[in-house]
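The primary structure of each chain is shown beneath.
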Amino acid sequence: MDAYTGFAQVYDLFMDNIPYDEWAETILRLLGKYGITDGIAADLGCGTGQMTRRLAKAGFDMIGIDLSPEMLDTACMEGSPQDGILYLNQDLREMELYGTVRAFICICDTINYLPDEEDLTRVFRLVNNYLDPGGLFIFDVNTPAFYEEIGNSTIAENRDDASFIWENDYDPESAVNEYRMTFFIRDAEFPEKEMFHRFEELHTHRAYTPETIRECLSAAGLILLEEYDADTLEEPSDNTLRYLFAARENGKSDA
């Protein structure tokens, strides 16, 4: 089962509780704090382009990168040519850009899709390589506490045009969480027939501790600047479910 195939059709419908506007304000505030208010920025794991479009409207020349062609198709359909966004279908572990960017953004648990520390460090190295001198990397990550909280649970939701069953299975020993999702999506071509298409997807997340993130950032050459509880923007605690990190490029010179 591939991830983000059928889900791409209804992602924004079922993720309408995500406070994208608030997240965008936080990201823009952090960027501005370090003097980055315009230029080229890249949104890693951009999905349907919700954050990509917000940053484009704030004045950045945006690149959206995602592994799922279906999610990128949705991003293109929901946007407009005036956004001026370049979307690239790439695996973050094999990312290739034509030049450097002022900032990378990576939110909404994209980092947790990386299966191990080797891949995590590999992506961080690519980020450092493609950042302008002094460029910024802002990203979030779900902690083990998050996956322990959702535990082995099942979530179901029913809407007029789509329904889903979301089964969570977390193994603390391996720090791996599996989401098994079943979607029933109304056939938009023949709505009067009450026909629904069924899709099944398997998503695998790895829970990373803040200590592991710091070690991988250091191994990749990035300099950690700040870390927060992503939900409160206060100092993290043992109960923090999602961390927000800001790191800076290291190793290049403006000269």
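All values reported here derive from a predicted model rather than from experimental measurement.

A.B. asks: What is the right way to look at the sheet that holds strand S5 (residues 131-142) in this model?
C.D. replies: Paired through their backbone hydrogen bonds, the strands of a sheet run either parallel or antiparallel. Pairing within the open sheet is mixed, and its seven strands lie in the order S3-S2-S1-S4-S5-S11-S10. Whereas interior strands pair on both sides, the edge strands pair on one side only; in this sheet they are strand S3 (86-89) and strand S10 (223-229). Recorded for the sheet is a direction-independent mean angle of 15° between the axes of neighbouring strands. For S10 and strand S11 (residues 242-248), the ladder comprises six bridges, and the chain directions are antiparallel.

A.B. asks: So what exactly am I meant to see when it comes to the nonpolar core here?
C.D. replies: Where a protein is soluble and globular, its nonpolar side chains tend to be buried together. Phe 104, Ile 111, Phe 124 and Phe 137 are the most contacted members of the largest nonpolar core, which has 32 residues in total. The set of elements that each furnish at least two residues to this core consists of strand S1 (39-44), strand S2 (60-66), strand S4 (101-106), helix H5 (117-130), S5, helix H7 (210-219) and S11. Element by element, the count of residues in this core is highest for H5, at six residues.

A.B. asks: Got a minute to help me understand the packing of H5 against H7 in this structure?
C.D. replies: Each packed pair of helices is defined by two parameters, the angle between the axes and the distance between the axes. Following both chains from N to C, one finds H5 and H7 inclined at 50°, their axes separated by 8 Å at the closest point. Between H5 and H7, the angle falls in the class oblique. Where H5 crosses over H7, the handedness of that crossing is right-handed. For the pair H5 and H7, the contacting residues are Glu 117, Leu 120, Thr 121, Phe 124 and Arg 125 in the first and Thr 212, Ile 213, Cys 216, Leu 217 and Ala 219 in the second. Grouping the amino acids of the contact of H5 with H7 by side-chain chemistry returns six nonpolar, two polar and two charged.

A.B. asks: Just to check I follow, could you spell out the pattern of salt bridges for this structure?
C.D. replies: A side chain with one charge can pair with a side chain of the opposite charge if their charged atoms come near. Under the counting rule described, the total for this entry stands at twelve salt bridges. Note that Glu 178 is salt-bridged to Arg 180, the shortest N-O span being 3.4 Å. Classification of Glu 178 as partly exposed rests on a relative accessible area of 24%.

A.B. asks: In this structure, what is going on with the side chain of His 203? I would like to understand it.
C.D. replies: Summarising the element assignment, His 203 is placed in strand S9 (residues 196-206). A distance of 2.8 Å separates a polar atom in the side chain of His 203 from a polar atom in the side chain of Glu 201.

A.B. asks: Please clarify how unusual backbone geometry should be interpreted in this entry.
C.D. replies: The bulk of non-glycine residues show a negative phi, and the bulk of peptide bonds are trans. Positive phi, normally seen in glycine, also occurs at Ala 175, with a value near 60°. Topologically, Ala 175 is positioned in the loop between strand S7 (162-171) and strand S8 (176-186). Residue Ala 175 is classed as buried on the basis of its relative accessible area, which comes to 13%. A positive phi angle is found at Leu 233, which is not glycine, with a value near 60°. Within the element layout of this structure, Leu 233 appears in the loop between S10 and S11.

A.B. asks: Could you clarify how one ought to interpret the pairing of S4 in this entry?
C.D. replies: Along any regular strand, the residues point their side chains to alternate faces of the sheet. Among the six residues of S4, five are classified as buried, and the element is accordingly described as predominantly covered. With three bridges connecting them, S1 and S4 associate as parallel partners. Among the inter-strand pairings, Ala 41 is bridged to a residue of S4, identified as Ala 103. Both S4 and S5 contribute to a ladder of five bridges, which runs parallel.

Cut-offs used in this document
- Residues numbered from 1 in each chain as written.
- Predicted model: local features only at pLDDT ≥ 70, side-chain atom pairs only at ≥ 80, totals over all residues.
- Heavy atoms only, no water.
- Pairing = 2+ DSSP bridges.
- Helix = DSSP H or I, 4+ residues; strand = E, 2+ residues; numbered from the N terminus.
- Axes fitted to C-alpha atoms, helices over the stretch in contact; angles between N-to-C directions.
- Core = buried A, V, L, I, M, F, W, Y, C linked by side-chain atoms within 4.5 Å.
- Buried < 20%, exposed > 50% of the residue type's maximum accessible area, 1.4 Å probe, protein only.
- Parallel < 35°, antiparallel > 145°, perpendicular 65-115°, else oblique.
- Left-handed = near helix turned anticlockwise from the far one by under 90°.
- Contact = heavy atoms within 4.5 Å.
- Nonpolar A, V, L, I, M, F, W, Y, C, P; charged D, E, K, R; others polar.
- Salt bridge = Lys/Arg side-chain N within 4 Å of Asp/Glu carboxyl O.
- Polar contact = N/O pair within 3.5 Å; in protein donor to acceptor, adjacent residues only side chain to side chain.

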